[in-house]
Protein chains: 2
Amino acid sequence: MARIVQKFGGTSVGSVERIKAVAQKVKATVDAGHEVAVVVSAMSGTTNQLVSWAKECGTFHDAREYDAVVASGEQVTVGLLAIALQDIGVDARSWLGWQIPIHTDDAHGSARIESIDTTILSERLSMGQVAVVAGFQGIGPDNRITTLGRGGSDTSAVALAAALQADRCDIFTDVDGVYTCDPRMVPKATKLDNITFEEMLEMASGGAKVLQTRSVAMAMRHGVKLQVLSSFEDSPGTMVIEEKSDMEKNLVSGIAFSLDEAKVTLVAIEDSPGIAAKIFGDLADAHINVDMIVQTAASEPGKTDITFSVPETDLERTRQVLEEVRKVITCADMITSSHVCKISVVGVAMRSQPGIAKTMFETLAEKGINIEVISTSEIKISVLIASEYKELAVRSLHTAFHLDAS
Amino acid sequence: MARIVQKFGGTSVGSVERIKAVAQKVKATVDAGHEVAVVVSAMSGTTNQLVSWAKECGTFHDAREYDAVVASGEQVTVGLLAIALQDIGVDARSWLGWQIPIHTDDAHGSARIESIDTTILSERLSMGQVAVVAGFQGIGPDNRITTLGRGGSDTSAVALAAALQADRCDIFTDVDGVYTCDPRMVPKATKLDNITFEEMLEMASGGAKVLQTRSVAMAMRHGVKLQVLSSFEDSPGTMVIEEKSDMEKNLVSGIAFSLDEAKVTLVAIEDSPGIAAKIFGDLADAHINVDMIVQTAASEPGKTDITFSVPETDLERTRQVLEEVRKVITCADMITSSHVCKISVVGVAMRSQPGIAKTMFETLAEKGINIEVISTSEIKISVLIASEYKELAVRSLHTAFHLDAS
């Protein structure tokens, strides 16, 4: 007997028929003798509808009211799933964030979970009752509903698994696991049986949308065993684990990519302490998500060039922020280019294998692809290239690192 | 300065545009210097959708889960209205049943309000903040969401007005007041400026759907000044008051009707104590809403006939219950007929005017309409007649009692 947290996303609970199918999956786990807590998202489409209503009602809407509105979606699905479970003879009850309670901070719209009181929940689980828990939501110090931000249900599931000391956290989604690359881009992509937390983190931040980055980081921190698997098929998925055995070590685990990036270069800025802090501090205050940052010596002595990437949709706002910054710091020029994309090669084995970068750069050079920016971490090498080369680059790298299905 | 509770139904908040229009109405009241608490229903159609999903998920659904699901509709509208109010510069916040809290009993699906803690609400109102309160919902002793049953938002509004000691409770709806009769049936119907609580109760239970009976009874008990008015027009509505002045006393205030009734007669049952209690107790246990009850002496000595009406949709279940009852009590026969309707003439002045019944029966007789059952109260006379005569009966009575618009 194990204690298992199962999470089902919006597509998996998108209709009454699908909710009934989820109930059957939960029942199978219960029938196998396990204790089950289920975390669900809102029906797919619901959250978008609620968000757009909130925006239509007021341009600068109060985040606390926004939270009350959008959290209602999960309230519907937990109730419906509890009913569907009871209907097939499974003892179940729904739990809203404020009922457990799941305590969060007061950052409405993107709150962080601070603690989960599992006393009653744990008691009910051991009595054989399935807990159907609303994902994405909690209660803030002001006794008002908070939400965790987009994709927050993954975080809810992992946090609950950690608090309940669950043996496993199964994330059911519309794909059957984590792939070496997005199969829509690379038809030869193969499913990974295992991936380490760090690789998963790099894949996620590199654009692989299977799991929310925050939930992976939380699982790593709390040692929660994660599994990604399909809610529509009955097959094993991908286990996200601490460390692979030597036998399993591929040089590279996967290729991640992130489209619609923009590149910004500040040319010949004064190279003195506090300048980078000023630039990226102001961008952070404007909620612009800066990704790759590269600093190089400028041609002029005592000056430096800084290049970084931002989402293409944030480019215009980035320009505005930087125009202000340039009023207080010396900077010869600002060059921006859109239509670039980020390609990342990810693998824990990289640490001990210096040849990866060489293979990557050679492969791209052979195809005539110019690298605009390079950034490396211990287990990842990322490059920015022109968007038009994205398929060519990703497929060539997938082949070069022997990831293609045979 | 007054303290006013305003209630807006589902049609009034049926879209973002309408929610914005409601916000303007609330703002006008705030600008006039009043303290305002607003009670809202779910967007029209939402509750029906949620109810049907709950039914599809499980035939015998858990009422506690049903409540969690359906209460989400009001959670959406309170948040949206608070946003819309803030957007036009009105300080406002939303309140869910469990946040205030509105304590109810544990009769999930048709809970009764037991108490409302208005400490914080009252404080906020006096600071000029509009309270946007979710109608239809509360919190039960089990810390779970309860709902008050269909039309419960009227009850929420009146209960809140009583608890807040509000000067007035305005019920905004899709009609502009209470009419002498349903204008769809009687084009000559006129709007009443005033109606007494008792008349309103009789009109409501007679089928006038303007206000939920329960909310009228509660307003009467707590002396809440009620006004029914249009959310789409800017005109005074109908005030529901304690007692009319002599000047205003019409003989009859209005004609109410209730279609789709069925009539049941139990012939020659034993006339001994406890028999009626047995019959109507068993029907109540089956949640069958018995309306008019008439008992007459049967032709046989020591026997009696009992006739009563039930909604036509409950007739089959009524038959089943009574077949069981007939196994333990003596009863010669059971006669049922559907396709009857109830017509009621309502007016407080009836108490002192014995001629009303005569006029009513003569009017129907002149038109050749046969009366199947008669039942009277101090301020109402109701008859059951064949459904096919309903328009003829209602319009003739409307004319006979001088209610037609001139």
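Since the model is a prediction, treat every value here as computed from it, not as a measurement.

Before going further, it helps to examine the overall build of chain A. Helix and strand counts for chain A stand at 12 helices and 18 strands. For 406 residues, the compact-globule estimate of 2.2 N^0.38 gives 22 Å, and the C-alpha radius of gyration of chain A, at 23 Å, lies within 12% of that figure. Across its three principal directions, the C-alpha atoms of chain A cover 75 × 55 × 30 Å. Within chain A, buried positions represent 49% of all 406 residues.

Residues and elements named next belong to chain A. Read across the sheet, 6 strands follow the order β14-β15-β13-β16-β18-β17 without closing on themselves; strand pairing throughout is antiparallel. Of all strands in the sheet, those with a lone pairing partner are β14 (293-297) and β17 (373-377), marking the two edges. The sheet shows a mean angle of 30 degrees between the axes of neighbouring strands, taken without regard to direction. Pairing of β14 with strand β15 (residues 303-311), which is carried by 5 bridges, proceeds in the antiparallel orientation. The partner of glutamine 295 across the bridge, within β15, is isoleucine 306. The sheet strands contacting helix α7 (residues 197-205) are β13 (254-270), β16 (331-346) and β18 (380-386), and the helix crosses β16 at an angle near 130 degrees.

This part covers the relation of the copies chain A and chain B. When chain A is fitted to chain B, the residual RMSD is 0.1 Å, and the transformation amounts to a turn of 180 degrees plus an axial shift of 0.1 Å. Such a combination of turn and shift is consistent with a two-fold rotation axis. Relative to the rotation axis, the closest C-alpha in chain A is found at serine 72 of chain A, a distance of 2.6 Å. Of all interface residues in chain A, 97% are interface residues in chain B too; the two copies therefore contact each other through one and the same surface.

Contacts between the two partners involve 29 residues from chain A, matched on the other side by 29 residues from chain B. If you list the elements that add at least two residues to the side of chain A that touches chain B, you get α1 (16-31), α2 (46-57), α3 (63-70) and α4 (72-87) of chain A. Among the elements that make up the side of chain A that touches chain B, the one with the highest residue count is α4 of chain A (11 residues). Residue classes in the side of chain A that touches chain B are distributed as 15 nonpolar, 10 polar and 4 charged.

Residues and elements named next belong to chain B. Along strand β1 (residues 3-8), 5 of the 6 residues are buried, which leaves the element largely enclosed by surrounding structure. Where β1 meets strand β2 (residues 35-40), 6 bridges bridge the pair, whose relative direction is parallel. Note on β2: the bridge partner recorded for glutamine 6 is valine 38. Handedness of the β-α-β unit built from β1, helix α1 (residues 16-31) and β2 comes out right-handed. Looking at chain direction, β1 and strand β9 (residues 168-173) are connected through 5 bridges and run parallel. Note on β9: the bridge partner recorded for lysine 7 is isoleucine 171.

Residues and elements named next belong to chain B. Here we have 6 strands laid out as an open sheet, ordered β14-β15-β13-β16-β18-β17, and antiparallel in their pairing. The sheet terminates laterally at β14 (293-297) and β17 (373-377), the two strands that pair on one side only. Across the sheet, the axes of successive neighbouring strands diverge by a mean angle of 30 degrees, strand direction being ignored. Where β17 meets strand β18 (residues 380-386), 5 bridges bridge the pair, whose relative direction is antiparallel. Bridge assignment links serine 377 to a residue of β18, and that residue is lysine 380. Seen against the sheet, helix α10 (residues 315-325) touches β13 (254-270), β15 (303-311) and β16 (331-346) and runs at an angle of roughly 140 degrees to β16.

So, about helix α11 (residues 355-366) of chain B. Residues and elements named next belong to chain B. The end-to-end C-alpha distance of α11, which contains 12 residues, comes to 16 Å, matching closely the 16 Å that a straight helix rising 1.5 Å per residue would cover. Regarding α11, the residues found buried are Ile356, Met360 and Leu364. Here the buried residues of α11 occupy an arc of 60 degrees about the axis, which is enough to place them on one side. The outward face of α11, more than 90 degrees from its buried face, is lined by the exposed residues Gly355, Lys358, Glu362, Ala365 and Glu366. Those residues of α11 that are buried lie in contact with β16, β18 and α12 (390-400). Glycine 368 sits one or two positions beyond α11 and adopts a positive phi of about 75 degrees.

Okay, the packing of helix α11 (residues 355-366) of chain A against helix α12 (residues 390-400) of chain A next. Residues and elements named next belong to chain A. Where α11 meets α12, the axes come as close as 10 Å, and the angle between the chain directions of the two elements is 135 degrees. Classified by the interaxial angle, the pair formed by α11 and α12 is oblique. With respect to the hand of their crossing, α11 and α12 are arranged in right-handed fashion. Residue-level contacts link Thr359, Met360, Thr363 and Leu364 of α11 to Ala393, Ser396, Leu397 and Ala400 of α12. Counted by class, the contact of α11 with α12 contains 5 nonpolar, 3 polar and no charged residues.

Residue and element names in this part refer to chain A. The geometry of helix α9 (residues 275-285) relative to helix α10 (residues 315-325) is characterised by a closest axis approach of 10 Å and an angle of 140 degrees between their N-to-C directions. As judged from the angle between their axes, α9 and α10 are oblique. Once α9 is placed against α10, the crossing between them reads as right-handed. Residues Lys278, Ile279, Asp282 and Leu283 of α9 form the contact with α10, whose own contacting residues are Thr318, Val321 and Val325.

Cis geometry marks the peptide bond from isoleucine 100 of chain A to proline 101 of chain A, where omega comes out at -15 degrees. Assignment of secondary structure puts proline 101 of chain A in the loop between β3 (92-95) and β4 (102-104). Backbone geometry at glutamine 165 of chain B places phi at a positive 50 degrees, although glycine is not the residue there. Along the chain, the position of glutamine 165 of chain B falls in the loop between α6 (152-163) and β9. The exposure class of glutamine 165 of chain B is exposed, given the 12 C-beta atoms found within 10 Å. A positive phi angle, close to 50 degrees, is found at alanine 268 of chain B, a residue other than glycine. With respect to the helices and strands, alanine 268 of chain B occurs in strand β13.

A general trend in soluble globular proteins is that nonpolar side chains are found buried together. Counting 257 residues, the largest nonpolar core has Leu81 of chain A together with Leu81 of chain B as its most contacted members. Once residues lying within four places of it in the same chain are set aside, the contact partners of leucine 81 of chain A are Val13, Ile19, Val22, Ala23, Val38, Val40 and Val132 of chain A.

Our focus in this paragraph is the environment of glutamate 261 of chain B. Residue and element names in this part refer to chain B. Inspection of the secondary structure assignment puts glutamate 261 in strand β13. Under the C-beta neighbour-count criterion, glutamate 261 is labelled buried, with 25 such atoms within 10 Å. For the pair formed by glutamate 261 and isoleucine 385, sequence separation is 124 residues and the distance between their alpha carbons is 9.7 Å. With residues up to four places along the chain from it excluded, the contact list for glutamate 261 reads Ser309, Pro311, Glu312, Val340, Cys341, Lys342 and Leu384.

Attention now moves to α10 of chain B. Residues and elements named next belong to chain B. Within α10 the residues assigned to the buried category are Leu315, Thr318 and Val325. Projected down its long axis, α10 carries its buried residues within an arc of 70 degrees, all on one side. Seen from the buried face of α10, the exposed residues on the opposite side, beyond 90 degrees, are Glu316, Gln320, Glu323 and Glu324. The elements touched by buried residues of α10 are β13, α9 (275-285), β15 and β16.

Turning our attention to the environment of alanine 189 of chain B. All names here are of chain B. Within the element layout of this structure, alanine 189 appears in the loop between β9 and β10 (194-196). Using a count of 21 C-beta atoms within 10 Å as the deciding quantity, one classes alanine 189 as buried. Once the C-alpha coordinates of alanine 189 and tyrosine 179 are considered, the two residues, 10 residues apart in sequence, prove to be 6.2 Å apart. Setting aside residues up to four positions removed in sequence, alanine 189 forms contacts with Tyr179, Thr180, Cys181, Asp182, Pro183 and His398.

This next bit is on the confidence of the model for chain A. Caution applies to low-pLDDT regions: their predicted coordinates should not be interpreted in detail. Residues with a pLDDT of 70 or more make up 97% of chain A, whose mean pLDDT is 90. Overall fold confidence (pTM) sits at 0.82, and the ipTM for the predicted complex is 0.79.

What counts, and where the lines are drawn
Residues numbered from 1 in each chain as written. Chains lettered and ligands numbered in written order. Predicted model: local features only at pLDDT ≥ 70, side-chain atom pairs only at ≥ 80, totals over all residues. Helix = DSSP H or I, 4+ residues; strand = E, 2+ residues; numbered from the N terminus. Rg over C-alpha atoms; globule rule 2.2 N^0.38 Å. Buried ≥ 20, exposed ≤ 12 C-beta atoms within 10 Å, placed from the backbone. Pairing = 2+ DSSP bridges. Axes fitted to C-alpha atoms, helices over the stretch in contact; angles between N-to-C directions. Contact = placed C-beta atoms within 7 Å. Least-squares fit on C-alpha atoms with pLDDT ≥ 70 in both. Nonpolar A, V, L, I, M, F, W, Y, C, P; charged D, E, K, R; others polar. Right-handed = clockwise from strand over helix to strand, strands pointing away. Expected span 1.5 Å × (residues − 1). Arc of directions from axis to C-beta. Parallel < 35°, antiparallel > 145°, perpendicular 65-115°, else oblique. Left-handed = near helix turned anticlockwise from the far one by under 90°. Core = buried A, V, L, I, M, F, W, Y, C linked by C-beta atoms within 7 Å. pLDDT = per-residue confidence, 0-100.

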